[in-house]
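Commentary on secondary and tertiary structure
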Amino acid sequence: MAKQEIGWGLVGASTIAREWAIDAIRAQAGNDVVAVMSADPARARDYAQANRIPVSYTSLAALLADPNVDAVYISTTNELHKAQTLACARAGKHVLCEKPLALTLADAREMVAACARAGVVMGTNHHLRNAATHRKIRELIQSGAIGTPLFARVFHAVYLPPHLQGWRLSNASAGAGVILDITVHDADTLRFVLGAEPVEAIAVSQQAGMAKGGLEDGVMAVLRFDNNVLAQLHDAFTVKFAGTGVEVHGTEGSIIARDVMTQRPIGQVALRTSQGETNVPVVHENLYARGLHAFVAAVRGEGAPAASGEDGVRSLATALAVLEASRSGRRVEIKYQ
Ligand code: NDP
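What counts as what
Residues numbered from 1 in each chain as written. Predicted model: local features only at pLDDT ≥ 70, side-chain atom pairs only at ≥ 80, totals over all residues. Heavy atoms only, no water. Phe/Tyr/Trp six-rings, centres within 6.5 Å; stacked < 30°, edge-to-face > 60°. Helix = DSSP H or I, 4+ residues; strand = E, 2+ residues; numbered from the N terminus. Buried < 20%, exposed > 50% of the residue type's maximum accessible area, 1.4 Å probe, protein only. Lys NZ or Arg CZ within 6 Å of the ring centre and 35° of its normal. Contact = heavy atoms within 4.5 Å. Axes fitted to C-alpha atoms, helices over the stretch in contact; angles between N-to-C directions. Parallel < 35°, antiparallel > 145°, perpendicular 65-115°, else oblique. Nonpolar A, V, L, I, M, F, W, Y, C, P; charged D, E, K, R; others polar.

Tallied over the entire structure, the rule returns two aromatic pairs. Note on tryptophan 8 and phenylalanine 295: the rings are 5.5 Å apart at their centroids and 50° apart in plane angle, and the pair reads as tilted. With tryptophan 8 in strand E1 (residues 6-11) and phenylalanine 295 in helix H8 (residues 287-299), the pair connects residues that are 287 residues apart, well separated along the chain. Ring geometry for tryptophan 20 versus tyrosine 288: centroids 5.0 Å apart, planes at 25°, classification stacked. Residue tryptophan 20 is located in helix H1 (residues 15-26), and its partner tyrosine 288 is located in helix H8; the two are separated by 268 residues in the primary sequence. The class of tyrosine 288 is buried, set by a relative accessible area of 3%. The ring of tyrosine 159 carries the charged tip of lysine 240 above its face, separated from the ring centre by 4.7 Å. A cation over a ring is seen here: arginine 314 above tyrosine 336, with NZ or CZ 4.4 Å from the ring centre.

Shown next, in the form of structure tokens:
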């Protein structure tokens, strides 16, 4: 029988774990964070103490040797995700990994294959598909409320908060830049709400001075999906007052969602048809807790993670195509293998 108590090891003493994931794990009955690993001994100790985590380690091997660790949450910088996932799978630990899964499609594929071989559950922490708003948009589209979807627009130009203005703006080898950080979320969100896969991308990026070394801190892109939908994306680290949103326009109606590309359980969904405009009620719920709930259920043999490893691969493939399109100036076919 699947184990009911799940001990979590945090791979990475990160901001996202501190701000969202630790609470989301602790919100699941029978789950707790039993250990954290950081490369820096003082940070490991301080982080453990500040977050009431009983044990800290400075090596992944030590964390994986801890018999109380059943599952890991990997939230280190992106270049580390692959090797850490492979090691965790080898140790038989279930893996919830942060996005982008890796820096190349081949690496991400290898991570998914390793988890499958080891028989452990793998999920990608694409939190947005857990939002009540996005689930409602998907439901409206599936119910035919807007007829045949033709276009989508994602507004995800935000201001990177000062406490996150580190490696994302300068460390190319860690996968810095707005496309691997934000566009990858748009890709996953659109794949989820449309129930379709992107097939080609065009993009133009901007360097407005916040990111260094030629890295992009803003981008506008267009994706074509395999159901013929065209989606326009606007992502940035540099814009303070744009607000976020998603729109999907179909033959019989439009969905207009505002304040929905965010970590917080907020936002509104409106439906415009020949009947006029109505606000569609949603029951907001913590996105990360919902994602953890699905992952924990999967570990217990019930259902699947909200975003699987395969979802992480596909959303990464789309972001990589946007990156290539923006750097080459060419239209890029999205490859999943
Ligand atoms: P952080 O910069 O907070 O943490 C990443 C790593 O940086 C940590 O593992 C840590 O290394 C090191 N680090 C943390 N604080 C310090 C410090 N004060 N001085 C020196 N090094 C430090 O990253 P984020 O939490 O913003 O992102 C981590 C991952 O999560 C990324 O893959 C990102 O893309 C993803 N993410 C996902 C989000 C989502 O909603 N799904 C939202 C935000 C991020 P060590 O572990 O060795 O101590």
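On to the side chain of threonine 183, then. Relative to the assigned elements, threonine 183 resides in helix H7 (residues 178-194). Filtering out sequence-adjacent residues up to four positions away, threonine 183 remains in contact with Val178, Val219, Leu233, Asp235 and Val322.

Let us look at the packing of helix H4 (residues 81-90) against helix H5 (residues 105-118). At their nearest, the axes of H4 and H5 sit 9 Å apart, and the two run at 10° to each other. With respect to H5, the axis of H4 lies roughly parallel. Residues His81, Lys82, Thr85, Leu86 and Ala89 of H4 form the contact with H5, whose participating residues are Asp107, Glu110, Met111, Ala114, Cys115 and Ala118. Broken down by class, the residue content of the contact of H4 with H5 amounts to six nonpolar, two polar and three charged.

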